[in-house]
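# A structural walkthrough
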Amino acid sequence: MNEYDSNRIKDFTKKIGYLSTTKIDEANCFVLNTCHIREKATEKVYHEVGRVKKKFRNKEKPIVLIVGCVAQAEGDLLLMREKYIDAVIGPQSYHNINDIILAIESKKKIKLNYTEFDVINKFDEINLNKNTDSKVSTFLSIQEGCDKFCKFCVVPYTRGPEYSRSLDEILKEAKQQVDNGSKEIILLGQNVNAYKYNNKRLSDLLFALEKISGLQRIRYTTSHPKDLTQDLIEAHGDCKKLMPILHLPVQSGSSRMLKLMNRNHTIEEYLKLIEKLKIKKPTMKFSSDFIIAYPGETDKDFEKTVQLMKEVKFINSYSFIFSPRPGTPAATLKEIDGLIAKKRLAYFQNTSNDVKSEYRNQLVNTIVNVLFENKVKDENKYFGRDEHFNSVIVESNTKLSGEIKEVKINNCNQNTLFGEVVSASKKVKVEYAA
Ligand code: SAM
Ligand code: SF4
């Protein structure tokens, strides 16, 4: 979501003559878009500002703006501790960025902290600005905020309450992205499947997007199991452009832990959803997020998480030790001993790597459909993703970006599949052999 926000900030600031640069020395304005989901976020901000300070020691001071969830959660502290920062702007207030920059440029006295939950005005402004992102696979924000209040999570406090954009606005922006050259759209939301605008749900939006000619693939992330309604499950079978993978964070394999976390569902209910999706779409695969060593987690609870990994065979997983976030209910709970937490994380990650390796090795010598995104820098190779979002690299002398090709997988490592584009004649052979 921060990547989407950063692109929109670029589109806004173009209007007042600011362009992005990869050369840090020539920048005269730094916009640091931040994430607050786990620890050390604030420290990273001080570190980055320190880098800028050092670069510009004997030069004119550039404008320095801190945007995003760290600005929202710790804006006053940042302004107090680091005078080099000109203003802090929360994730629902960045549509004000041009006024803020212009005021700083003209040395007007302005307020320094912009952290109102002004989400309606933000999207009104976003709708007035053409989305210029032309990446083959591009993000589109459709829902923001969260009303679920899991005990460990800062999102309800940093992004505010759930808000869904109108279906028409989303379709208009999606068409702009496809006109720019995008072939795949990844719909974004903190709880994207909580999307609800008037009586329209995420499934309605998926079917409406499917009608955009030129758009080849649709994905959405991140979903909450509680909002995975029957209509959405049906859409996985019926919406042809919707890819057969779902990122469905579970956090723990123990229903007791899920209750302590305030997740509002049991493991049995979670497994039932997986089963229903697989019936609707047999090629369906899953990825997930896990919090290891949440306060109160026993060895038995942890074993259940390991068991769940083995049972569902998640093809990708993101696991972190619980990180107490200031202001959340879990922040005051007694933490699990650090050594035990580290051991559990290592064990869990080994298990998930084994599951992943087994899956990836099974892909060797099979054919997958890859949407190619870009050329690998300085090499005659192209990078793309298959339907299950696996990274694929092939060698090619002809341009592949933006094309969907059948690729035979020859090799793999933990992060990438390596293969070759199947030519028409070869294709017959492989099919015959199979
Ligand atoms: N809304 C999604 C859901 O409920 O499943 C998840 C969105 S959250 C922004 C992304 C992930 O960050 C979560 O799934 C969780 O695993 C992780 N996370 C959030 N707070 C955390 C914390 N305090 N410590 C460790 N991981 C955390
Ligand atoms: Fe955070 Fe997701 Fe829980 Fe909302 S549902 S509080 S975003 S983990």
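Here we summarise the structure given alongside this text.

Calculation criteria
Residues numbered from 1 in each chain as written. Chains lettered and ligands numbered in written order. Predicted model: local features only at pLDDT ≥ 70, side-chain atom pairs only at ≥ 80, totals over all residues. Heavy atoms only, no water. Helix = DSSP H or I, 4+ residues; strand = E, 2+ residues; numbered from the N terminus. Polar contact = N/O pair within 3.5 Å; in protein donor to acceptor, adjacent residues only side chain to side chain. Contact = heavy atoms within 4.5 Å. Axes fitted to C-alpha atoms, helices over the stretch in contact; angles between N-to-C directions. Parallel < 35°, antiparallel > 145°, perpendicular 65-115°, else oblique. Left-handed = near helix turned anticlockwise from the far one by under 90°. Nonpolar A, V, L, I, M, F, W, Y, C, P; charged D, E, K, R; others polar. Near = heavy atom within 4 Å. Salt bridge = Lys/Arg side-chain N within 4 Å of Asp/Glu carboxyl O. Buried < 20%, exposed > 50% of the residue type's maximum accessible area, 1.4 Å probe, protein only. Areas by Shrake-Rupley, 256 points an atom, 1.4 Å probe, with all protein chains shown as cover. Patch = residues over 30% accessible without salt bridge, like charges linked within 9 Å, V, L, I, M, F, W, Y side chains within 5 Å. Lys, Arg positive; Asp, Glu negative; His and termini not counted. Charge placed at Lys NZ, Arg CZ, Asp CG, Glu CD. Pairing = 2+ DSSP bridges. Disulfide = S-S within 2.5 Å. Phe/Tyr/Trp six-rings, centres within 6.5 Å; stacked < 30°, edge-to-face > 60°.

## Points about the side chain of Ser391
Relative to the assigned elements, Ser391 resides in strand β17 (residues 391–395). Polar contacts involving the side chain of Ser391 include one to the side chain of Arg385, which spans 3.3 Å. What Ser391 contacts, discounting residues up to four positions off in sequence, is Arg360, Phe383, Gly384, Arg385, Asn415, Thr416 and Leu417.

## Let's talk about the packing of helix α1 (residues 2–14) against helix α5 (residues 119–128)
Two numbers describe how α1 lies on α5: the axes approach to 10 Å, and their chain directions differ by 60 degrees. By the angle between their axes, α1 is oblique relative to α5. Judged by the twist between their axes, the crossing of α1 over α5 is left-handed. Only Lys122, Glu125 and Ile126 of α5 make contact with α1, whose side of the interface consists of Tyr4, Asp5, Arg8 and Phe12. Its residues placed into classes, the contact of α1 with α5 shows 3 nonpolar, no polar and 4 charged.

## Some points on the site of ligand 2
Residues in contact with ligand 2, as listed here, are Cys146, Lys148, Phe149, Cys150, Phe152, Cys153, Val155, Pro156, Asn191, His224 and Arg263. Looking at the shell around ligand 2 residue by residue, the class counts come to 7 nonpolar, 2 polar and 2 charged.

## Here's the deal with the pattern of salt bridges
Scanning all chains against the criterion turns up 26 salt bridges. Between Glu144 and Lys122 there is a salt bridge whose closest N-O contact spans 2.8 Å. Taken together, the residues Glu144 in strand β6 (residues 143–144) and Lys122 in helix α5 connect sequence positions 22 residues apart. We classify Glu144 as buried; its relative accessible area is 1%. Across the salt bridge formed by Arg159 and Glu144, the nearest N and O atoms sit 3.2 Å from each other. Placement of the pair is Arg159 in the loop between α6 (155–158) and β7 (163–164) and Glu144 in strand β6, with a sequence separation of 15 residues. Residues Arg159 and Glu144 agree in their burial class; the two are buried. What you see here is one network of salt bridges that share partners, running through Arg8, Asp11, Lys14, Arg165, Glu169 and Glu173.

## Describing the site of ligand 1
Around ligand 1 lies a shell of 18 residues, among which Gln190, Gln251, Arg263, Asp289 and Ser323 are the nearest. For ligand 1, an oxygen atom lies 2.6 Å from a polar atom in the side chain of Asp289. Protein contact buries 88% of the 570 Å² of open area that ligand 1 shows by itself. Residue composition of the shell around ligand 1, grouped by class: 7 nonpolar, 7 polar and 4 charged.

## Focus: a positive patch on the surface
The grouping of Arg38, Lys40, Lys44 and Lys342 at the surface amounts to a positive patch. Counting through the fold element by element, Lys40 comes out in the loop between β1 (29–34) and α2 (41–55).

## Describing the sheet that holds strand β19 (residues 416–421)
The strand order β15-β16-β17-β19-β18 describes a closed barrel built from 5 strands, whose pairing is mixed. Averaged over neighbouring strand pairs, the angle between their axes works out to 55 degrees when direction is ignored. Strand direction decides the pairing type here: strand β15 (residues 367–375) and strand β18 (residues 404–412), joined by 5 bridges, are antiparallel. Its bridge partner lying in β18, Val370 is registered against Lys405.

## Brief notes about the state of the cysteines
Counted according to the given criterion, the structure contains 0 disulfides. With no disulfide of its own, Cys69 lies closest to Cys35 among cysteine sulfurs, the gap being 6.5 Å. Taking the relative accessible area as the measure of exposure, Cys69 reaches 8% and is therefore buried.

## Some words on the packing of aromatic side chains
Scanning the entire structure with this criterion turns up 9 aromatic pairs. Between Phe123 and Tyr163 the ring centres are 5.7 Å apart and the planes differ by 10 degrees, which places this aromatic pair in the stacked class. Residue Phe123 is located in helix α5, and its partner Tyr163 is located in strand β7; the two are separated by 40 residues in the primary sequence. One aromatic cluster is present, formed by Phe152, Tyr294 and Phe322 through successive ring pairs.

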